[in-house]
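# Geometric and topological summary
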Amino acid sequence: MTEIMELPQFFDIILHWAAVVCYAAASVANCFGFIFRKKGIDRIGSALVWSGLTFHSLGIVYRWILAGHGPYISRYEILSSNAWVLLVLYLFFARIYPRVRVASIVVLPATFLLIGLGMFTDSALKKLPPTLNNIWLVLHVSFYKIALATLVVGLAFSIFLILKKRSRMAWLERIPDNETNDIFVYRFAGFGFIFWAIAMLSGSIWAYDSWGRFWGWDAIEIWSLVTWILFGIYLHLRRFYGLKGERAAWFYIFCFIVSLLAVFLTPFIDSSIHSSYFR
Amino acid sequence: MIKRFLLSRRTVLVLIVALLLLIFVSFLVPQRSLFDSQTIAAWEVEHASLLTIVQFLGLDHVFSSALFLVLICVFLFALLLSLVDQIKKAFIRTTGKRKTTITSHDLVTEFSLVEVAYIIKKKELWILRPTNSKNTLRLVRNPWGYWGNSFLHLGMVVVIVGSFFVAFTERHGQVKLMTGEEHSAGIALPFQNEKISDAPFSLPFSIRLDATQPFFWENDDTRDLVTKLTVTRPSQSSEQVTVGINRVRNIDGIRIYQRQKFGNAFYVLFKNPDDEVIPVVFDLPFPKKRDVPAYGEFYFPGIQYKVWAKYYADVSHNSMYDVDPELTIRLMDNERVVDELTLRTGQGGNLGSYQVLLDKTSRWAVLIFVKHHGMPLVFLGFFLIIAGAFLVFCTPPRELYLFDKDGQLSIGWRAGRMSPFFQEEPDRIINKIYKYDRDHGTPSIF
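All figures in this text were calculated on a predicted structure; none of them were measured in a lab.

## Quick look at the interface of chain B and chain A
Listed as interface residues are 53 residues of chain B and, on the opposing side, 50 residues of chain A. Taken together, both faces of the contact between chain B and chain A bury some 4600 Å²; the carbon and sulfur share is 72%. Along the contact surface separating chain B from chain A lie 3 salt bridges. Notably, a salt bridge pairs A:Asp209 with B:Arg255, separated by 3.9 Å at the nearest N-O pair. Looking at the side of chain B that touches chain A, the elements that each hand over two or more residues are helix 2 (9–28), helix 7 (148–169), strand 8 (222–232), strand 11 (254–271), strand 18 (354–371) and helix 8 (375–394) of chain B. Its residues assigned to classes, the side of chain B that touches chain A shows 34 nonpolar, 9 polar and 10 charged.

In structure tokens form, the structure reads like this:
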């Protein structure tokens, strides 16, 4: 353990860059293979995904040991772990529901984008602030990552639904029919709704443990609640008003954009009690 | 009629959207609980035309405004009515004998109804539920899924009710104590968060800060902060307690939190040319790094200049553990430096026309005190929401009906939510029955 901790931090950077390259190549190969029906290239894409995930996992574990805490303190770590969770969750769902595999067209570029953006942030190791040394914080951030990952998969099917409605491109024939896309959006919105709720509630417990109040109406908390309510409205509209198809897809995309603001933008609002941890 | 209005889907959606809009407004209008008075005053000057409506509707304190309270109450009432309906439906679905008008497919098999049910239940959790016919069997997968919505909405009700309890009973205050300083029982805490109740919050016991010790990482970031306190009750019984970050203590129903804010107080004696001694305290936050000082700017009655102060955690500039902190004081006449002096504890010197002595150094820490009722209810609500959401989305119930009409068996399948997601299930079940028939013959259920 001591020997590992004495290795320079740049190994972490090298592993992450290796993952970035693999993911970028995998995105291209996957899309090319799917669109142009090149099974060989598709298989190369799959191999690149697993290679990238291996490098990525090693990088995260290595940095975890080096820093002494999980990947949720600096922006570099947050973006990297978001990308990792997204990919792992996608692979898990693709295994259980083979029809989800087609979401790779959106998931792989999103993974590459997340980890790639992270490579341009400060990768210096940060020590764990004492208020973050709490199991509820770990659960809080973990469930947000899972929630975001499920919402990205749902986003993929929303995009497919809209594309199939509005375009006659030949490769779209290989994407599931719009009824299936619609169901997948609904299902993943539901998953996202649950995990987002758990993330918010575990955050409340952590806040109560750390600051003596479980809800302070600060910017991050508000936007998180707004996102949850919006997805709640989406699910109610589907269930009780039969909102389906393209309109539902567009509304989902709107809700997804709000979730991105809640996760990535609001931590920078100074008046938020969270902001001191993200500067 | 009121019930129908409140249970109407449109009403519920309108309420949710109205709450959402109000929450969004709280983001546009600076809230008094989150921003300082200067920021709010500046916003009010810039948006003078909106001031009347903001103040009338309480948009500068949305979450404690009457409008928000009314909306939440109406929403809560609608939720309660909906919950009663949902519980009734869930109860009927779980225990009742539901109508069995359902499309069914014939089964070509010599198995009896009971034997087919046995095959279906092998390695799968299908639960037998009552029906209103001897020739019909009903099997349900995930019957607890019927209760998902009820749990989810019950959880929301419980959280809202619990939050009301907390909001109306909460007392929240802070005190900054130097080492050795005591805050007496019955004295209002100096810093109190704006809550619904304006009543001052005082402690039923005295609290003395005996020692506070920070711990640091190798890169000088704070790793932990531990404070030892002596709690003395009116009955004169004393208790030593230790509080740390993420180590909350509960004393007589009051939770004590350690804030991550701490520093050093330097007790300095200024003696002016008239031999008058002016004791002052330089109260400074702890330095962020071993070689970076902490700064402060002070004005003291009796001292004609502005005083700047800075200090390093340790005189060596090489340690965060302040064995021997070094204080530098500067007298400022506007931006002009009048004089400067660096001192360690016990040292003195001349600073301008003053003789100065750093008498002692003491560490300070900030403690938060919270008292309220209702948190267990809030946490129970959290648990119910999570359980309900899980049941709704991860365990949707499906039903299988087995009919025996004059010896001819048929099977029907139904799912409530997300039925297209389980489209393959009825075919899979039928195939399972036929496969069992081929592989095993008569199932040994007895």
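## So, the pattern of salt bridges
Across all of its chains, the model carries 29 salt bridges over all chains by this definition. A salt bridge links A:Glu221 to A:Arg213, with the shortest nitrogen-to-oxygen separation between them at 3.2 Å. Judged by relative accessible area, A:Glu221 falls into the buried class, the value being 7%. Note on A:Arg213: relative accessible area 13%, which makes it buried. Taking the shortest distance from any N to any O, the salt bridge between B:Glu124 and B:Lys432 comes out at 3.2 Å. Of the two residues, B:Glu124 is situated in the loop between helix 6 (113–121) and strand 2 (126–129) and B:Lys432 in helix 9 (residues 425–440); the sequence distance between them amounts to 308 residues.

## Points about the sheet that holds strand 2 of chain B
All names here are of chain B. If you walk across this open sheet you meet the 5 strands as 1-20-19-3-2, and the pairing is antiparallel. Looking at the sheet topology across the chains shown, the edges are occupied by strand 1 (104–107) and strand 2. With direction set aside, neighbouring strand axes in the sheet form an average angle of 25°. Looking at chain direction, strand 3 (residues 136–141) and strand 19 (residues 398–405) are connected through 6 bridges and run antiparallel. Counterpart to Val140 in the pairing with strand 19 is Glu399. Lying over the sheet, helix 9 contacts strand 1, strand 2, strand 3, strand 19 and strand 20 (408–415), oriented at roughly 150° with respect to strand 20.

Definitions and cut-offs
Residues numbered from 1 in each chain as written. Chains lettered and ligands numbered in written order. Predicted model: local features only at pLDDT ≥ 70, side-chain atom pairs only at ≥ 80, totals over all residues. Heavy atoms only, no water. Contact = heavy atoms within 4.5 Å. Buried area = accessible area lost by both parts, 1.4 Å probe. Salt bridge = Lys/Arg side-chain N within 4 Å of Asp/Glu carboxyl O. Helix = DSSP H or I, 4+ residues; strand = E, 2+ residues; numbered from the N terminus. Nonpolar A, V, L, I, M, F, W, Y, C, P; charged D, E, K, R; others polar. Buried < 20%, exposed > 50% of the residue type's maximum accessible area, 1.4 Å probe, protein only. Pairing = 2+ DSSP bridges. Axes fitted to C-alpha atoms, helices over the stretch in contact; angles between N-to-C directions.

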